[in-house]
Amino acid sequence: MKLVSNPRRKSIRLLTLLVAASFALFLLAACGGSDDVPEFDPESSLIASIEISSVAFEDGSAIPVEFTCDGENTSPPLRWSDVPAGTRSIAIVVDDPDASSGIFRHWSVFNIPSGTRSIAANQPATQSLKDSRRQAKNDFGNVGYGGPCPPTGQEHEYVFFIYALSEQLELEGGVSPNDVSAALRGKVVGTGSFSGMYARR
């Protein structure tokens, strides 16, 4: 199946980066009163860019069936570049922006140690993973990863976002997708994304 560039998808990814930038500006403004806020420095206030990918599929290509509801429904392996100085934890979320009900969250894993540069495939569906890592519920209502499962006849895009954060999220495992999204505000110091496509056979 030939993949076609979709302006709407590009705009969603751009919007996400702009939202991340606004989180950082909010954090700066919240540090004190007007006398305490330093002069705005655009260069030092930029959100760092992080490259994230998977060895299982290329950016924009088809997601292998094993990582979907038609296969083993296991999480894919992920890897990423260095994160910016000041990063205290990492969060990864996977969203389907093509869902008819709006953005559908497939995975939220957070409080990944800042020195981590990859996640192995087939993460267990538990609230707590090794070390400090935690997983939230997805929009299927289950903890952990829920693979692509679009309606028959539709091809959806699945966007893997990574966020470098200035602190850990004060959340327990098993919280809602909205809880994770809200907790990210004001903590993002770096971000990146890549995506895969899937259509039911």
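In what follows, the structure referred to is the one given above.
Residues numbered from 1 in each chain as written. Predicted model: local features only at pLDDT ≥ 70, side-chain atom pairs only at ≥ 80, totals over all residues. Heavy atoms only, no water.

Caption draft 1: View of the state of the cysteines. Tallied over the full model, the rule gives one disulfide. The disulfide partner of Cys 69 is Cys 149, and the gap between their sulfur atoms is 2.2 Å. One quick way to see it: the torsion about the S-S bond of Cys 69 and Cys 149 is about 80°, and its sign makes the bridge right-handed. On the criterion of sequence distance, the pair formed by Cys 69 in the loop between strand S2 (52-53) and strand S3 (78-80) and Cys 149 in the loop between strand S7 (134-135) and strand S8 (155-165) is long-range, its members being 80 residues apart. Classification of Cys 69 as partly exposed rests on a relative accessible area of 28%. Its relative accessible area of 32% is what places Cys 149 among the partly exposed residues. (Disulfide = S-S within 2.5 Å. Helix = DSSP H or I, 4+ residues; strand = E, 2+ residues; numbered from the N terminus. Buried < 20%, exposed > 50% of the residue type's maximum accessible area, 1.4 Å probe, protein only.)

Caption draft 2: Seen up close, the nonpolar core. Formed by 23 residues in total, the largest nonpolar core has its most connected members in Trp 80, Ile 92 and Phe 160. Per element, the largest residue contribution to this core is four residues, and it comes from S8. Counting residues in hydrophobic clusters, the runner-up holds 15 residues, among them Val 159, Leu 169, Val 180 and Val 188. (Core = buried A, V, L, I, M, F, W, Y, C linked by side-chain atoms within 4.5 Å.)

Caption draft 3: Molecular detail of the packing of aromatic side chains. According to the stated counting rule, one finds six aromatic pairs in the structure shown. A ring pair is formed by Phe 104 and Phe 140, whose centres lie 4.8 Å apart and whose planes are at 65°; its orientation type is edge-to-face. Of this pair, Phe 104 sits in strand S5 (residues 104-113) while Phe 140 sits in the loop between S7 and S8, placing them 36 residues apart in sequence. Its relative accessible area of 18% is what places Phe 104 among the buried residues. Since its relative accessible area comes to 40%, Phe 140 is described here as partly exposed. (Phe/Tyr/Trp six-rings, centres within 6.5 Å; stacked < 30°, edge-to-face > 60°.)

Caption draft 4: Looking closely at the sheet that holds strand S6 (residues 118-119). If you trace the three strands from one edge of the open sheet to the other, you get S2-S3-S6, paired in antiparallel fashion. Of all strands in the sheet, those bounded by a partner on one side alone are S2 and S6. Inspection of the sheet shows S3 paired to S6 by two bridges, in the antiparallel sense. Each bridged residue has a counterpart across the sheet, and for Leu 78 the counterpart in S6 is Ile 119. (Pairing = 2+ DSSP bridges.)

Caption draft 5: How the structure looks around the sheet that holds S5. Strand order in the open sheet formed by six strands is S1-S9-S8-S4-S5-S7, with mixed pairing between adjacent strands. Only two strands of the sheet have a single partner each, and these edge strands are strand S1 (48-49) and S7. Bridge analysis of strand S4 (residues 89-96) against S5 gives seven bridges, and the strand direction is antiparallel. Along S5, the bridge assignment pairs Ile 92 with Val 109. Helix-sheet contacts for helix H2 (residues 177-184) involve S4, S5, S8 and strand S9 (188-199), and the interaxial angle to S5 is about 50°. (Contact = heavy atoms within 4.5 Å. Axes fitted to C-alpha atoms, helices over the stretch in contact; angles between N-to-C directions.)

Caption draft 6: Expanded view of the pattern of salt bridges. Using the criterion set out here, one finds four salt bridges in the structure. In this structure, Asp 70 and Arg 200 form a salt bridge, with 2.8 Å as the shortest nitrogen-oxygen distance. One end of the pair, Asp 70, is in the loop between S2 and S3; the other, Arg 200, is in the segment after S9, and 130 residues separate them in sequence. You can call Asp 70 partly exposed: its relative accessible area is 33%. Overall, the relative accessible area of 27% leaves Arg 200 in the partly exposed class. Residues Asp 82 and Arg 117 are paired through a salt bridge, measuring 3.1 Å at the closest nitrogen-oxygen approach. Taken as a pair, Asp 82 in the loop between S3 and S4 and Arg 117 in the loop between S5 and S6 lie far apart in primary sequence, 35 residues in all. (Salt bridge = Lys/Arg side-chain N within 4 Å of Asp/Glu carboxyl O.)

Caption draft 7: Inspection of H2 at higher detail. The set of residues buried in H2 consists of Pro 177, Val 180, Ala 183 and Leu 184. An end-on view of H2 places all buried positions within 130° of arc, on one side of the element. Count one or two residues on from H2 and you reach Gly 186, which has phi positive near 80°. (Arc of directions from axis to C-beta.)

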